[in-house]
Amino acid sequence: MFGAFGQLGVELVRELQKRGWAARGWDRAHADITDAAAIEQALADYDPQVVFNCAAYNQVDVAEKEPQAAYAVNALAVRNLALACRQVDAKLVHFSTDYVFDGKARQPYAEDAPTHPLGAYAVSKLAGELYAQAYLDRVLVVRTSGVFGPGGVATARGNFVELMLRLAGSGQPIRVVEDHVASPSFAPALAARTVDLVDREQTGVFHIGGGTAISWFEFARLIFEVAGLSPVLLATNEREYRTTARRPRYSALSNAKMERLGLDPMPPLREALQQYFAERKELAAR
Ligand SMILES: NC(=O)c1ccc[n+]([C@@H]2O[C@H](COP(=O)([O-])OP(=O)(O)OC[C@H]3O[C@@H](n4cnc5c(N)ncnc54)[C@H](OP(=O)(O)O)[C@@H]3O)[C@@H](O)[C@H]2O)c1
């Protein structure tokens, strides 16, 4: 597994080990996925059956200033990985994003909805999907949305929950957009459903969003409610709160394809947040 120290990577390693797989995780220091020779060597040495790629360049706004950096990690490196997987006859499980869509929909996106990325990060992620599928038949692309997992406490980028907690700690009013809707996804459940798909030998594109379409403002409200905090939370909108990158206004993902296979639905958001805070507390106590 590459990107094993990211918030999804740590959960996937944990989930695979729980199910008795001999999982080996590499972080960036041990395997930079933009280094084609290192990736090829790592796979040749380890000879895996399945390669999970959780590594990604996720800085959506910064990517507008350095699109090459985003493209190198999210697109060209995925091409390297796909080629290396082909050499050892391994399946590739690759993660992509709800940002491949333009957000004009009014209901959760299905896998076959037309893609139309709105910025450099989104273009690079879509290109990564295409590279993976161009070089491999045995590839599973999992698109997800607004990932939050307890691993985010320790990562450089964190996640939306950690950002909200930090802002609450500042004592200032917090403004969150109410006109952008996504389906925030709990990393441990995302990891478990992904392994379920691998167990069922699925290939192609699957959506695993959090199962609830919710605005970022409403999500922030739920986070504070479950955390037992009451900062001043104000709704704002895209017009008032400009970001460097354009983002889809509506990017909730439909999990119907996954659920039709008999996989468990994702946990309700409130439950996911309760588990998040419980695990966060445990981590802090260690
Ligand atoms: N986070 C979200 O809200 C979100 C939303 C939709 C889709 N996704 C997708 O879900 C997947 C997992 O995301 P996540 O939330 O777990 O991200 P994350 O916590 O930011 O983890 C990404 C990991 O990739 C590593 N990485 C970056 N560049 C690398 C490179 N060149 N070689 C090796 N490792 C590298 C990072 O290491 P460093 O810390 O050293 O940079 C980090 O450990 C990604 O494909 C992402 O695009 C995420």
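Just above, that's the structure.
So, here is what we can say about the structure in this document.

The rules behind the values
- Residues numbered from 1 in each chain as written.
- Predicted model: local features only at pLDDT ≥ 70, side-chain atom pairs only at ≥ 80, totals over all residues.
- Heavy atoms only, no water.
- Near = heavy atom within 4 Å.
- Polar contact = N/O pair within 3.5 Å; in protein donor to acceptor, adjacent residues only side chain to side chain.
- Areas by Shrake-Rupley, 256 points an atom, 1.4 Å probe, with all protein chains shown as cover.
- Helix = DSSP H or I, 4+ residues; strand = E, 2+ residues; numbered from the N terminus.
- 1 Å grid on protein atoms, 1.4 Å probe; cavity = no way out; pocket = protein on both sides within 12 Å on 5 of 7 lines; lining within 4 Å.
- Points joined across faces, edges and corners; volume = space filled by probe spheres on them.
- Nonpolar A, V, L, I, M, F, W, Y, C, P; charged D, E, K, R; others polar.

## A short note on the site of the ligand
Near the ligand, the surroundings consist of 22 residues, among which Arg28, Asp32, Ile33, Asn58 and Lys125 are the closest. One of the backbone N or O atoms of glutamine 7 is found 3.0 Å from an oxygen atom in the ligand. Interatomic distance of 3.3 Å between a side-chain N/O atom of tyrosine 121 and an oxygen atom of the ligand. When isolated, the ligand has an accessible area of 900 Å², and the protein chains bury 85% of it. Those elements that place two or more of their residues in the shell around the ligand are helix 1 (7-18), strand 2 (91-97) and helix 4 (120-135). For the shell around the ligand, the element with the highest residue contribution is strand 2, accounting for three residues.

## Observations regarding the layout of surface pockets
In this structure, the second largest pocket encloses a volume near 280 Å³. Lining the second largest pocket are 17 residues, and of these Trp21, Ala22, Pro48, Gln49 and Val50 lie nearest its centre. If one sorts the elements of the lining of the second largest pocket by residue count, strand 1 (residues 50-53) sits on top with three residues. The residue makeup of the lining of the second largest pocket, split by class, is 14 nonpolar, one polar and two charged.

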